[in-house]
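So you can see what is in the structure, the chains are spelled out below.
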Amino acid sequence: MAPREEQSELSAKAGRPVPWAVQLTADGWDTLLYAQVRATPPPAEEPAPGLQQVGLRRSELDAVRRFLDLSGQLRQGPASGLRSAVEAARFNAASNRWVVYVSGEQMQSMARAFFLERLSGSTGPANRFARVYGVRHTPSPGLRVPDPERGEVGWA
């Protein structure tokens, strides 16, 4: 609460009685400033020429990171620059997505990561990536992937 002297001064300035007043502490001022900045949405970032903005769910980003962690062991590893693009990912609270800027080749590489994730049991990332961005990894000839939507289970 503000001291009585300040309440009296405020009453004189307002020309009416001021029944109560508060005086903000340093923490109070900082909280108001912080809340104002937090409520302001971040400026929209434009991708660099040749790059596309991709919004990934946390589980999808984790799948791409697993793919990157295996880069030295995979026969068809990640595209050049994908690791640095993933490391530069920023969380966008408004969309609840991790924003990554990637090239077409890097998007194909991400689709391959989601393909491997699909073979390991989770079809969601590959399906959403294909639906939203129109990019799907095509497996090598001779590898037939079961389609649960058609009732196919196991390997053929």
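Residues numbered from 1 in each chain as written. Predicted model: local features only at pLDDT ≥ 70, side-chain atom pairs only at ≥ 80, totals over all residues. Heavy atoms only, no water.

Focus: unusual backbone geometry
Threshold: Counting from the N terminus, the helices are DSSP H or I runs at least four residues long and the strands are E runs at least two residues long. The rule is simple: take the accessible area with a 1.4 Å probe, protein chains only, and divide by the maximum for that residue type; under 20% is buried, over 50% is exposed, in between is partly exposed.
Even without being a glycine, N96 presents a positive backbone phi close to 55°. Here N96 is to be found in the loop between β2 (90–92) and β3 (97–102). Here N96 falls in the partly exposed class, since its relative accessible area comes to 48%.

Section: the nonpolar core
Basically, it comes down to this: Residues belong to one nonpolar core when they are buried, are Ala, Val, Leu, Ile, Met, Phe, Trp, Tyr or Cys, and are joined through side-chain atoms within 4.5 Å. In what follows, residue pairs with any heavy atoms lying within 4.5 Å of each other are defined as contacts.
V54, V64, V102, M110, F114 and F129 are the most contacted members of the largest nonpolar core, which totals 23 residues. Filtering out sequence-adjacent residues up to four positions away, F129 remains in contact with V54, M107, M110, A111, F114, G134 and V135.

Re the packing of helix α5 (residues 104–119) against helix α6 (residues 124–133)
Under the convention used in this document: The angle between two axes is taken between their N-to-C directions and runs from 0 to 180 degrees, where each axis is a line fitted to C-alpha atoms and a helix contributes only its stretch in contact. Note that Gly is not counted as nonpolar here; it falls among the polar residues with everything else outside the nonpolar set of Ala, Val, Leu, Ile, Met, Phe, Trp, Tyr, Cys and Pro and the charged set of Asp, Glu, Lys and Arg.
α6 packs onto α5 with a crossing angle of 145° between their chain directions and a minimal axis gap of 8 Å. Across from M107, M110, A111, F114, F115, E117 and R118 in α5, the residues of α6 making contact are P125, A126, F129 and Y133. Of the residues contributing to the contact of α5 with α6, the split by class is nine nonpolar, no polar and two charged.

A few points about the side chain of H137
Turning to its location among the elements, H137 is positioned in the segment after α6. We classify H137 as buried; its relative accessible area is 16%. Setting aside residues up to four positions removed in sequence, H137 forms contacts with Q76, A111, R112 and F115.

Regarding a nonpolar patch on the surface
The test is simple: By definition, no residue in a patch forms a salt bridge, and every one has over 30% relative accessible area; like charges are joined within 9 Å, nonpolar side chains (Val, Leu, Ile, Met, Phe, Trp, Tyr) within 5 Å. Where accessible areas are quoted, they stem from the Shrake-Rupley method and a 1.4 Å probe; at the residue level, only the protein chains shown are allowed to cover. Salt bridge, as used here, is a side-chain nitrogen of Lys or Arg placed within 4 Å of a carboxyl oxygen of Asp or Glu.
Taken together, the side chains of M1, W20 and V22 define a hydrophobic patch exposed on the protein surface, amounting to about 400 Å² of accessible area. With respect to the helices, strands and loops of the structure, W20 is situated in the loop between α1 (4–14) and α2 (26–39). Given the relative accessible area of 56%, W20 is considered exposed.

A look at α6
Of the residues making up α6, those classed as buried are P125, A126, R128, F129, A130 and Y133. As for α6, its buried residues are in contact with β1 (52–56), α3 (58–69), β3 and α5. In the segment just after α6, G134 is the residue with positive phi, at about 70°.

Notes on the side chain of R112
For the record, the criterion: In this count, Lys and Arg are taken as positive residues and Asp and Glu as negative ones, while His and the chain termini are left out.
Mapping R112 onto the fold places it in helix α5. Of the side chains bearing the opposite charge, E117 lies closest to the buried R112, which forms no salt bridge; the N-O distance is 11 Å.

Topic: the packing of aromatic side chains
Keep this limit in mind: Each Phe, Tyr or Trp ring, with Trp reduced to its six-membered ring, pairs with another whose centre is within 6.5 Å; inter-plane angles below 30 degrees give stacked pairs, above 60 give edge-to-face pairs, and intermediate values give tilted ones.
In the structure shown here, the tally under the stated rule is three aromatic pairs. Relative to Y133, the ring of F129 has its centre 5.3 Å away and its plane inclined at 50°; by these criteria the two rings are tilted. Within this pair, F129 and its partner Y133 are both found in helix α6, separated by four residues, close to a single helical turn. When sorted by exposure, F129 lands in the same class as Y133, which is buried.

Quick word on the pattern of salt bridges
Two side chains carrying opposite charge are able to pair once their charged atoms lie near each other. Scanning the entire structure with this criterion turns up three salt bridges. Between E60 and R128 there is a salt bridge; the shortest N-O distance is 2.7 Å. One end of the pair, E60, is in helix α3; the other, R128, is in helix α6, with 68 residues separating them in the sequence. R128 carries the same exposure label as E60, and that label is buried. Salt-bridge contacts for E117 lead to R66; the nearest nitrogen and oxygen are separated by 3.1 Å. Residue E117 is found in helix α5, and its partner R66 is found in helix α3; the two are separated by 51 residues along the sequence.

Function cannot be inferred from these measures alone, as they are strictly geometric.
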